[in-house]
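Spelled out, the chains give:
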Amino acid sequence: MTQTIAPRVRTLVLLFLAVAGALLAGAAPVSAHAALTGSDPAQGAVVDTAPSQVSLTFSEPIAVGDDSVRVLDPKGERVDKGDPANPSGTTYSVRLVSGLPDGTYTVAYQVVSADSHPVAGAFTFSIGAPSETTVSVSAQGSDDGLVGWLYGFGRYVSYAGFVVLAGGAAFILACWAPGARVRAVQRLVVSGWLALTAATLGLLMLRGSYTTSGKVGDVFDLELLGDVLQTKTGAALVSRLLLLAAAALFIAVLFGAYARTADAVEPDRDAEDDGGDDDGGPDKRDLTLGLALGGTVVAAGLAASWAMSEHASQGLQAGVAMPVDVVHLLAVAAWLGGLTALLVALYRAPVETPVGRDAVRRFSRLAFGSVVTLAVTGVYQSWRQLGSWSAFTDTRYGQLLLVKIALVAVMVAVAFLSRRWTQRLADARVSEAAEEAERTEATERAEEAVRAKEAVRAKEAVRAEATERAEEGVRAKEAVRVKATERAKEAVRAEATERAEEEKQPAGTAPAEASGASEVSEASMAVEPPNASGASDAFDAEKAEAGQDSVRAAQLARQRAAAEAARQKRLRDADPNRFGLRRSVLAEAGVAVVLLAVTTVLTQTEPGRTEQDARAATAASSSASATGQGSGAVSLTMPFDTGGKSGKGVVSIDLDPAQAGDNALHVYVEGPDGTPVDVPEVKIALTLAAQNIGPLPVAPDHVTTGHWSASRVQIPMAGDWKVEVTVRTSDIDQVTVSKNAQIG
């Protein structure tokens, strides 16, 4: 039942590339988060006289440059002059040259929304009567093409790197302290840091081209890079890089001092008691607390670099939405990043540092808390970005959100299976613990008996050999002594013979005595050396034998340790409960890859609330033209959202003749579906900021459902007037929207 991880890793990588590529490719046309909600002149409008300027109103603040708004005549020549201005709110205008002839004019815009995404589009209006035009505005924006794809891929890599970095570190500190010294886990966390750092640098370089021309050659334009650094998104990317420097220090301490502390404590503890408690003394507790606090601060700062520059920073309740977004991202990292670390640990942890049931249980509790947090923060974010139930099915953002919710539900179901496998693993461990202890004890006793028996045999063999050598030495000594004695006797006999001869021949006695004494001395000296040599050889043999025995014992111990490690690995891999846990965690990781891809695309998609507002504004403009509401010299359409129940709609203002003096004013209020609706109160205020005139209040009278009017509205002089409309939909819910109108 042993499985290898390589095929599964390849499968996950291919799945990631396929899903990410498909989703990112499909998201490009709707990546803008600000939408054009109105214009003056309106799209497709035919005006009697040439306007002095063109005004565009967006759903949120935007950033404009010198060529952000262009107005082209029927021949394709520019007729705008000066830089775009922001007279009020989310309305931006560009002045036109005077004396424009009749014909169809094209307005092309390319701006950057406040949540960092480029917005591009074009529309036409006509003076006098429509005409043919040679202008062909490309539908491809700067976020399409290779640069747009690379920017989207970089966003995915940055999210994935943050999840692995923050989640992997949280898994070590909160669930499995011995993981700090496991090479595979270390490489995982470091790879997350490298991915996030590389992706952030890439996004910083691509940002200039992404929001302007979309050309690959502009990626290395230092002037564009300087402009990017002056924007909110550029500041967020730079702050992310600074926080990553602090994260590098955190990783060094985590895999340095903290890992050494865990290594000094954990070997004396049960493998299943794998480091969830701070039992390493006050030093380890202090180090763990410091890493936990410091890591949380760094992770929250990294999450804030997204929250401060994207969806959460704009729209309703931005002050609440940004902290909620930070908490949401941290919960995602704790769940998905911890899951990735657990998967790596289950497959790659060494035998001496296994992932026990306690670590899995701790992660299960951490994941459960993360899911609850994601549910709470996700509900708030969904309400904020969608605003209505219909947006779930009517907008791309809502459809992607439904896909994300379904994936989360699948992950929760698989996580429930993982919890069941964990419980089975724990039960099996409890039932097998006693048997394993008995087997281990019996094995140790048998091994000790074998080692003792071998030691006794070796000692006896050494002693027998030494005794045999000593006996050989004694026998040699005796032989030498016997031989010496025989020689001495022969010498004596020879001496006696010589003396007998000397009696016959007196000379020669001394030489015989000298010769006999010399032979006796030589024999006695020859007896001693064999005794000393035999004892020395026996000692050397015993010492050499003892050394060889210690070497054999060390080799045997290493072989037994390797065999035991292999046996433990086979038993661990063959455990059906652990195998089931691996499979369920691997399935969770596969779903997480797709979930992260969907989340990345979701952050690049126009929110449902904005998309519906833009549709409502377009529908109201068409409805006004069909019913004659646009018959006045000036017609303004503004979407509104008071935030309360039934607080969304569109308000239209008709001002006729839009000249200095008396004017007739009509107000029309419609719901999101284009039907007229009544509201408790509608108030109008007119302001000419250039002359410090106003605000001049106008209280229109209610005429019929969704219609208010006021006659003899005095406008003292011509100019660019700001028209503010306050709509109240309940006792506490109201909002003020505004647009500029050229009077006179």
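Residues numbered from 1 in each chain as written. Predicted model: local features only at pLDDT ≥ 70, side-chain atom pairs only at ≥ 80, totals over all residues. Heavy atoms only, no water.

1. Details of the overall build of the chain
Tallying secondary structure elements over the chain gives 13 helices and 18 strands in all. When burial is assessed residue by residue, the chain has 44% of its 744 residues classed as buried. A sequence separation of at least 24 residues applies to 72% of the contacts in the chain between residues at least 6 apart. About 36200 Å² of surface is accessible on the chain, with carbon and sulfur atoms providing 58% of the total. (Helix = DSSP H or I, 4+ residues; strand = E, 2+ residues; numbered from the N terminus. Buried < 20%, exposed > 50% of the residue type's maximum accessible area, 1.4 Å probe, protein only. Contact = heavy atoms within 4.5 Å. Areas by Shrake-Rupley, 256 points an atom, 1.4 Å probe, with all protein chains shown as cover.)

2. Let's talk about the sheet that holds strand β18 (residues 734–743)
Taken together, four strands build an open sheet; the order of strands is β14-β13-β17-β18 and the sheet is antiparallel. Whereas interior strands pair on both sides, the edge strands pair on one side only; in this sheet they are β14 (693–698) and β18. Between one strand and the next, the sheet's axes are offset by a mean angle of 20 degrees, whatever the strand orientation. For strand β13 (residues 681–688) and β14, the ladder comprises four bridges, and the chain directions are antiparallel. The residue bridging Ile-684 from the neighbouring strand is Val-698, located in β14. (Pairing = 2+ DSSP bridges. Axes fitted to C-alpha atoms, helices over the stretch in contact; angles between N-to-C directions.)

3. Re the packing of aromatic side chains
Counted according to the given criterion, the structure contains 11 aromatic pairs. With 4.0 Å between their ring centres and 10 degrees between their planes, Tyr-151 and Tyr-210 make a pair best called stacked. Here Tyr-210 lies in helix α3 (residues 183–211) and Tyr-151 lies in helix α2 (residues 145–174), a separation of 59 residues in the sequence. Grouping residues by exposure puts Tyr-151 and Tyr-210 together as buried. Arranged with centres 6.1 Å apart and planes meeting at 40 degrees, the rings of Tyr-380 and Trp-383 form a pair that is tilted. Separated by three residues within a single helix, Tyr-380 and Trp-383 lie in helix α8 (residues 357–386), roughly one turn from each other. Of the residues examined, Tyr-380 reaches a relative accessible area of 18% and is grouped as buried. Just above the ring of Trp-306 sits the side chain of Arg-240; from NZ or CZ to the centre is 4.0 Å. (Phe/Tyr/Trp six-rings, centres within 6.5 Å; stacked < 30°, edge-to-face > 60°. Lys NZ or Arg CZ within 6 Å of the ring centre and 35° of its normal.)

4. Some points on the packing of helix α7 (residues 318–348) against α8
Viewed as axis vectors pointing N to C, α7 and α8 meet at an angle of 150 degrees, and their least axial separation amounts to 8 Å. The two elements α7 and α8 cross, and the hand of that crossing is left-handed. For the contact of α7 with α8, the residue count by class is 18 nonpolar, seven polar and two charged. (Left-handed = near helix turned anticlockwise from the far one by under 90°. Nonpolar A, V, L, I, M, F, W, Y, C, P; charged D, E, K, R; others polar.)

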